[in-house]
Amino acid sequence: MGKEVKKKNKILKASAVDGSPAENTSKSGDVRNVERLRSVLNIMHFRGESNQQYLDNALNEAIAITGSKIGYIYYYNENSKQFILNSWSRGVMKECSVVNPQTVYDLDKTGVWGEAVRQRKAIVLNDFRAYHPLKKGYPEGHVELRRFMTVPIFRDEAVVAVVGVANKESEYDEADVLQLTLLMDAVWKYFELKTSEEARRESEEKFRIMAENSSDVIWHMDRDYRFTYISPADERMRGYRKEEVIGAELWSILKPEGIEHIKEANARRLEDERRGVKTGPLRYELEQKCKDGSWIWTEITVLPYRDKNGQLSGYHGVTRDIAERKLYERRILDANCRLQEATNHARELAERAEAASRAKSEFLANMSHEIRTPLNGVIGFTDLLKNTELNPVQRQFVENANISAQSLLGIINDILDFSKIEAGRIELETIKTDITELVETASDIIKFQASKKNLELLINISSDTPGYAAVDPVRLKQVLVNLLSNAVKFTDRGEIEIKLRFGKIDGRKGRYFFEVRDTCIGISEEQKAKLFKAFTQADASTTRKYGGTGL
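A quick note: this is a predicted structure, and the numbers were derived from the prediction, not measured. (Residues numbered from 1 in each chain as written. Predicted model: local features only at pLDDT ≥ 70, side-chain atom pairs only at ≥ 80, totals over all residues. Heavy atoms only, no water.)

S.K.: When you look at the pattern of salt bridges in this model, what are you seeing that I'm missing?
M.R.: Side chains that carry opposite charge are capable of pairing whenever their charged atoms lie near each other. On inspection of all chains with the given rule, the structure shows 34 salt bridges. A salt bridge links R201 to E197, with the shortest nitrogen-to-oxygen separation between them at 3.7 Å. Of this pair, R201 and E197 both sit in helix 6 (residues 174-213), separated by 4 residues, roughly a single helical turn. E287 is paired through a salt bridge with K255; the nearest N and O atoms lie 3.0 Å apart. Here E287 is found in strand 9 (residues 282-289), whereas its partner K255 is found in the loop between helix 8 (242-245) and helix 9 (256-274), with 32 residues between them in sequence. When its relative accessible area of 22% is taken as the criterion, K255 is described as partly exposed. Counted as one network, the salt bridges with shared partners bring together E285, E299, R325, K326 and E329. (Salt bridge = Lys/Arg side-chain N within 4 Å of Asp/Glu carboxyl O. Helix = DSSP H or I, 4+ residues; strand = E, 2+ residues; numbered from the N terminus. Buried < 20%, exposed > 50% of the residue type's maximum accessible area, 1.4 Å probe, protein only.)

What follows is the structure, given as structure tokens:
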């Protein structure tokens, strides 16, 4: 800029003639410098309510110092290549009658006034009415321009704004360009300072409002863990006034184990940073001392901050009261402990019950085996005895003994099967079986019992039932015989029917459905709940009349 000033001074001097004119020119330049400095001083002393008022005032000073009538300031965005109108002189608005005037312009759609950005230098037109190849005209109703000057404002080699003035009574010269450039350069530096200061104040105010109204405690510490700021929430949480905390060390409000925990975590963080591992905020759950001598559980989030050289400057942090959460955690922990104890006790009882059940089942299995061996001898010898010469009374006694032994053997077999099921030792086989033949065989077994009571036994097998099935034939027959025998036992007259039907699941699988229907005494809805309870019958009175074990 120094070179530019020299050049312009030479031009001014070159325009002077001998004697007093040169002296007058020098005095004129001094006057302009004084005016420019006065304008800068006025701008810096201006006390507006906003940055917009500050720029409006700066534009008025620019118009005055150049002797212009009107002017404007546009922001410029190098990335989007757009102009955004910021300030304009009130004189323009009085004379301008453009309908819907624009406030945003793309650089490539601007005329000569955009050349300040394209050529990155000041543009002066002292005869705006004359033809110029870069002029694109202005919209109808725009204030008439006779003379025009626009100057770019730079920051770090980038154009950040342009200022334009127009309609000076005399021609704009390089002194005007220099005055306007120097003025706006000073203005923009101060504007950026004000903008930064205003943003800082706004940020601090937002932080103050947030900190003073937050239920969490917000604080700052220096690198030596001394508090430099703490929000009012700390007094509500721990009872200490701000003045009592500022300057105090963090260690003074923590228990020894909490201090050790923080130091260990910080050591790990520093080691991670030395190894290039990215670290984030640290979180701790610690007890903090209250003014009344009590301790309160808190959650602390700490984030270290560094200066521009990367050196640790201090710590930002937030403290949250988690006393209620800790109380609930303790309650849940206690409840879990009680639940675990109850579970262990229940498991122990279940194991005892299971062991007792196994012992009982093993006892029943052994006893059934021991009883069945001599009982088979009784059945065998009574069968042999029936083949000898006996009188009618003797034969009746032998047959009764044989039937009773057979009945007792059936009960013992049921008990043995039940004990095997309880002990988990029963095993099912899968054998391809003629299902129709199995149903007929089961029916044949109880046919004699049914005929003795003059009961009709019916077999109803659906025509679409497949002939063979993969089953355990012995156990399936046992189930069917039990159902049929039960039907015969409780039916005094009428009929008993066994039905078999088949339902498809897919092309290769299906289910067989076995149903036994009889005309017996029936069972009430209340008594149905007892059907599958071992050693239990629906009605105790039936035991006296019909017998049975409930298996």
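S.K.: Would you mind showing me how to read the packing of aromatic side chains here?
M.R.: Two measures describe an aromatic ring pair: the distance that separates the ring centres and the angle between the ring planes. The final tally for this structure, using the stated rule, is 16 aromatic pairs. Measuring from ring centre to ring centre gives 5.9 Å for F128 and F148, while their planes differ by 70 degrees; the resulting arrangement is edge-to-face. Of the two residues, F128 sits in the loop between strand 4 (123-125) and strand 5 (148-155) while F148 sits in strand 5, which places them 20 residues apart along the sequence. F128 sits in the buried class, given a relative accessible area of 9%. Directly above the ring of Y468 sits K432, whose terminal nitrogen or CZ lies 5.2 Å from the centroid. (Phe/Tyr/Trp six-rings, centres within 6.5 Å; stacked < 30°, edge-to-face > 60°. Lys NZ or Arg CZ within 6 Å of the ring centre and 35° of its normal.)

S.K.: What exactly am I supposed to notice about the sheet that holds strand 2 (residues 82-88) here?
M.R.: Strand-to-strand pairing in sheets goes through backbone hydrogen bonds, with the strands running parallel or antiparallel. Strand order in this open sheet of 6 strands is 3-2-1-6-5-4, and the pairing throughout is antiparallel. With one partner strand each, in any of the chains shown, strand 3 (104-106) and strand 4 form the two edges of the open sheet. On average, each strand axis in the sheet is inclined to that of its neighbour by 20 degrees, with strand direction left out of account. Pairing between strand 2 and strand 3: 3 bridges, direction antiparallel. Counted as the bridge partner of I84 is V104 from strand 3. Sheet strands touched by helix 6: strand 1 (70-77), strand 4, strand 5 and strand 6 (158-166). Its angle to strand 5, the strand with the most contacts, is close to 40 degrees. (Pairing = 2+ DSSP bridges. Axes fitted to C-alpha atoms, helices over the stretch in contact; angles between N-to-C directions. Contact = heavy atoms within 4.5 Å.)

S.K.: What's the story with the nonpolar core in this structure? I'm lost.
M.R.: The nonpolar side chains of a soluble globular protein tend to be buried with one another. Formed by 26 residues in total, the largest nonpolar core has its most connected members in W219, F227, L250, L254 and Y284. Elements with a minimum of two residues in this core: strand 7 (217-222), strand 8 (227-230), helix 7 (233-238), helix 9, strand 9, strand 10 (295-306) and strand 11 (312-321). With residues up to four places along the chain from it excluded, the contact list for L250 reads M221, Y225, F227 and I262. One finds I63, M149, Y172 and L183 within the second-largest nonpolar core, a separate group that totals 23 residues. (Core = buried A, V, L, I, M, F, W, Y, C linked by side-chain atoms within 4.5 Å.)

S.K.: What is the right way to look at the sheet that holds strand 13 (residues 456-461) in this model?
M.R.: Judged by pairing direction, the sheet is mixed, and its 3 strands sit side by side in the order 13-15-16 without closing on themselves. The outermost strands of the open sheet, each flanked by one partner alone, are strand 13 and strand 16 (510-518). When strand polarity is set aside, the average angle formed by the axes of neighbouring strands in this sheet is 10 degrees. Of the pairings in the sheet, the one linking strand 13 to strand 15 (residues 495-504) comprises 6 bridges and is parallel in character. Paired with E456 across the bridge in strand 15 is E495. Helix 12 (residues 435-452) rests against strand 13, strand 15 and strand 16 of the sheet, and its axis sits at about 170 degrees to strand 13. The strands touched by helix 13 (residues 473-490) within the sheet are strand 15 and strand 16, with strand 16 carrying the most contacts at an inclination of about 20 degrees.

S.K.: What's the story with the side chain of T181 in this structure? I'm lost.
M.R.: When you line up the elements, T181 lands in helix 6. Within the local environment of T181, its side chain forms a polar contact with the backbone oxygen of V177, the two atoms lying 2.7 Å apart. (Polar contact = N/O pair within 3.5 Å; in protein donor to acceptor, adjacent residues only side chain to side chain.)

S.K.: Looking at this structure, how should I read the pairing of strand 5?
M.R.: Consecutive residues of a regular strand have side chains that alternate between opposite faces of the sheet. Among the 8 residues that make up strand 5, 7 are buried, leaving the element largely enclosed by the rest of the structure. The pairing of strand 4 with strand 5 spans 3 bridges and is antiparallel. Of the residues in strand 5, the one forming a bridge with I123 is T150. Note that strand 5 and strand 6 share 8 bridges and pair antiparallel. Counted as the bridge partner of P152 is V162 from strand 6. Connecting strand 5 to the antiparallel partner strand 6 that follows it, the hairpin turn spans 2 residues, and D156 within it adopts a positive phi of roughly 55 degrees.

S.K.: Any chance you could explain the environment of V488 here in plain terms?
M.R.: Its location among the elements puts V488 in helix 13. We classify V488 as buried; its relative accessible area is 3%. In the structure, V488 is positioned 42 residues away from I446 in sequence and 7.9 Å away in space, judged by C-alpha atoms. Once you skip the residues sitting within four places of it in the chain, V488 turns out to touch I446, Q449, A450, K453, L455 and I496.

S.K.: For this particular structure, what's the right way to read empty space enclosed by the protein?
M.R.: Space left empty within the atom packing is revealed by a probe, the size of a water molecule, rolled over the atoms. The full count for this structure, using the stated rule, is 2 cavities of 30 Å³ or more. Lining the largest cavity, in full, are V217, W219, F227, I230, D234, R238, L250, I253, Q288, I300 and T319. Broken down by secondary-structure element, the contributors of at least two residues to the lining of the largest cavity are strand 7, strand 8 and helix 7. Taken together, the residues of the lining of the largest cavity sort by class into 7 nonpolar, 2 polar and 2 charged. What the second largest cavity holds in volume is close to 30 Å³. Lining the second largest cavity are M221, Y225, L250, I262, N266, Y284, V302 and Y315. Its residues assigned to classes, the lining of the second largest cavity comprises 7 nonpolar, 1 polar and no charged. (1 Å grid on protein atoms, 1.4 Å probe; cavity = no way out; pocket = protein on both sides within 12 Å on 5 of 7 lines; lining within 4 Å. Points joined across faces, edges and corners; volume = space filled by probe spheres on them. Nonpolar A, V, L, I, M, F, W, Y, C, P; charged D, E, K, R; others polar.)

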